[in-house]
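Each chain is listed here by its residues.
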Amino acid sequence: MAQHTNSGNPNVDLAYRRKKNAEDMKHQVISFALMIFLTLVAFFAIGYDKFSPWFSVPFILLLAIVQVGFQLYYFMHMSHKGHELPALFLYSGVFVAFLTIWAFMTIVWW
Amino acid sequence: MHVEEKLTAETFPASPEKATLEGKNKFLGFWFFLGGETVLFASLFATFLALRDRTAGGPSSDELFKMSIVFIATMLLLTSSLTSVYAMYHMKNFDFKKMQLWLGITVLLGAAFLGLEIYEFYEYVHEGLTFSTSAFASAFYTLVGTHGAHVAFGLLWILTLMIRNAKRGLDLYNAPKFYVASLYWHFIDVVWVFIFTVVYLMGMVG
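Because the structure is a prediction, the values reported are computed rather than measured.

## Let's talk about the interface of chain A and chain B
So, point 1. The interface of chain A with chain B comprises 54 residues on the first partner and 53 residues on the second.
So, point 2. In total, chain A and chain B occlude about 4,800 Å² of area from one another, counting both sides; carbon and sulfur atoms represent 77% of this.
So, point 3. Counting across the chain A and chain B interface gives zero salt bridges.
So, point 4. Broken down by secondary-structure element, the contributors of at least two residues to the side of chain A that touches chain B are α1 (10-47), α2 (53-75) and α3 (84-107) of chain A.
So, point 5. In terms of residue count, α1 of chain A provides more of the side of chain A that touches chain B than any other element does, 19 residues in total.
So, point 6. Partitioned by chemical class, the residues of the side of chain A that touches chain B number 37 nonpolar, 14 polar and three charged.

## Here's the deal with the pattern of salt bridges
Residue and element names in this part refer to chain B.
So, point 1. One pass over the full model with this rule turns up five salt bridges over all chains.
So, point 2. The salt bridge involving Glu17 is made with Lys92; its shortest N-O contact spans 3.9 Å. A residue pair is termed long-range when its members are at least 10 positions apart, and Glu17 in the segment before α1 (21-51) and Lys92 in helix α3 (residues 67-92) qualify at 75 residues.
So, point 3. Residue Glu17 is classed as buried on the basis of its relative accessible area, which comes to 3%.
So, point 4. The exposure class assigned to Lys92 is buried, which follows from its relative accessible area of 14%.

## Details of the UniProt feature "transmembrane region" (unreviewed entry) in chain A
So, point 1. The sites that carry the UniProt feature "transmembrane region" (unreviewed entry) are, in the present numbering, residues 29-48, 54-76 and 88-109 of chain A.
So, point 2. For residues 54-76 of chain A, the end-to-end C-alpha separation is 32 Å, with 96% helix and 0% strand making up the annotated structure.

## Points about the UniProt feature "transmembrane region" (unreviewed entry) in chain B
Residue and element names in this part refer to chain B.
So, point 1. According to UniProt, the positions carrying the feature "transmembrane region" (unreviewed entry) are residues 28-49, 69-89, 101-119, 139-163 and 183-203.
So, point 2. When the span residues 28-49 is considered, its composition is 100% helix and 0% strand, and the gap between its end C-alpha atoms is 31 Å.
So, point 3. End-to-end, the C-alpha atoms of residues 139-163 are 36 Å apart, and along that stretch the chain is 100% helix and 0% strand.

## A short note on the domain arrangement of chain A
Residue and element names in this part refer to chain A.
So, point 1. Looking at chain A, the domain boundaries give domain 1 (1-79) and domain 2 (81-110).
So, point 2. Its C-alpha centre places domain 1 at a distance of 22 Å from the equivalent point of domain 2.
So, point 3. At the junction of the two partners, domain 1 supplies six residues and domain 2 supplies five residues.
So, point 4. Both sides of the domain 1 and domain 2 interface together cover about 440 Å² of buried area, and 62% of this is carbon and sulfur.
So, point 5. Counting the surface domain 1 buries against domain 2, the share from its top three residues, Leu72, Tyr73 and Met78, is 65%.
So, point 6. The interface formed by domain 1 and domain 2 holds zero salt bridges in total.
So, point 7. Inspection of the region where domain 1 meets domain 2 yields two residue pairs in polar contact (both at pLDDT 80 or more).

## What to know about the UniProt feature "domain: Heme-copper oxidase subunit III family profile" (unreviewed entry) in chain B
So, point 1. Those residues carrying the UniProt feature "domain: Heme-copper oxidase subunit III family profile" (unreviewed entry) are residues 28-204 of chain B in this numbering.
So, point 2. Annotated as residues 28-204 of chain B, this span is 82% helix and 0% strand, and its ends, taken at the C-alpha atoms, are 39 Å apart.

## Quick word on the confidence of the model for chain B
Residues and elements named next belong to chain B.
So, point 1. Across chain B, the average pLDDT comes to 94, with 99% of residues at or above 70.
So, point 2. Mean pLDDT per element in chain B: helix α2 (residues 61-64) is the minimum at 90, and helix α5 (residues 135-164) is the maximum at 97.
So, point 3. Listed scores for the predicted complex are pTM 0.92 and ipTM 0.87.

Rules used in this analysis
Residues numbered from 1 in each chain as written. Chains lettered and ligands numbered in written order. Predicted model: local features only at pLDDT ≥ 70, side-chain atom pairs only at ≥ 80, totals over all residues. Heavy atoms only, no water. Contact = heavy atoms within 4.5 Å. Buried area = accessible area lost by both parts, 1.4 Å probe. Salt bridge = Lys/Arg side-chain N within 4 Å of Asp/Glu carboxyl O. Helix = DSSP H or I, 4+ residues; strand = E, 2+ residues; numbered from the N terminus. Nonpolar A, V, L, I, M, F, W, Y, C, P; charged D, E, K, R; others polar. Buried < 20%, exposed > 50% of the residue type's maximum accessible area, 1.4 Å probe, protein only. UniProt positions renumbered as here; feature names shortened; annotations may be inferred. Domains from an automatic or database assignment. Polar contact = N/O pair within 3.5 Å; in protein donor to acceptor, adjacent residues only side chain to side chain. pLDDT = per-residue confidence, 0-100.

Dropping the structure here:
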């Protein structure tokens, strides 16, 4: 991809890119902290046995989905430009995944 | 720009993984593969969910699973995901040595995770859960074992890249290779998030 920020001076471009990368890295560390937090909450929700499974099971599934969102959109850069086709591929996979799990959980009874 | 041209921090492009046609193709092809991997793991998750209570008189998940070991494994893998992000950060800044260092840390954390999983399976076999004990046992070992095999493959992949390119340094030929390997590593973590939630935590509430 061409450098959109070409000033003609490579050192200026480098400084700009370094700064942008550092900013990006800050977002990554914040998502990591949030992911750790979500994991702790999930383990706590199961470890603390006062919650009924009717609450804790959907709750930890939701936490898992949020955490995977951070992983995909920040760690795997899906929030960046140029990820339209990756998103199509991944969500097609997720669609088939959903159908498979739904089918197995409803028609398998033995 | 020639793929094997020696670059400097100034001439290294902003998105080195997509600066060449080969890199662009690798990037797209790899995401297509990850879509397929999603389906593979979905079929294993679906089988596990359908059969997780069929213990055939053998040990059940709430008798076997211990929260401490799953928690440590989760933290190891999650941290290794961040360290591979650091590796890619240094790649974009054209700092080959730091990239190698962070990839090395990622490999160490991944190896610790794998060691813990082997220990865990060993324990379960001693407690009477072998692959053919019950439908639950087969579904459990197949799902978690397939994930473990992915971890093992990922470790070998990253190590191979590190050793193969140790003297070569960073260029537009190998930048997409490192990038795609780090995507694979994150995907392994994505699958683990669902494994610790669906298999272990849900298995502990019965």
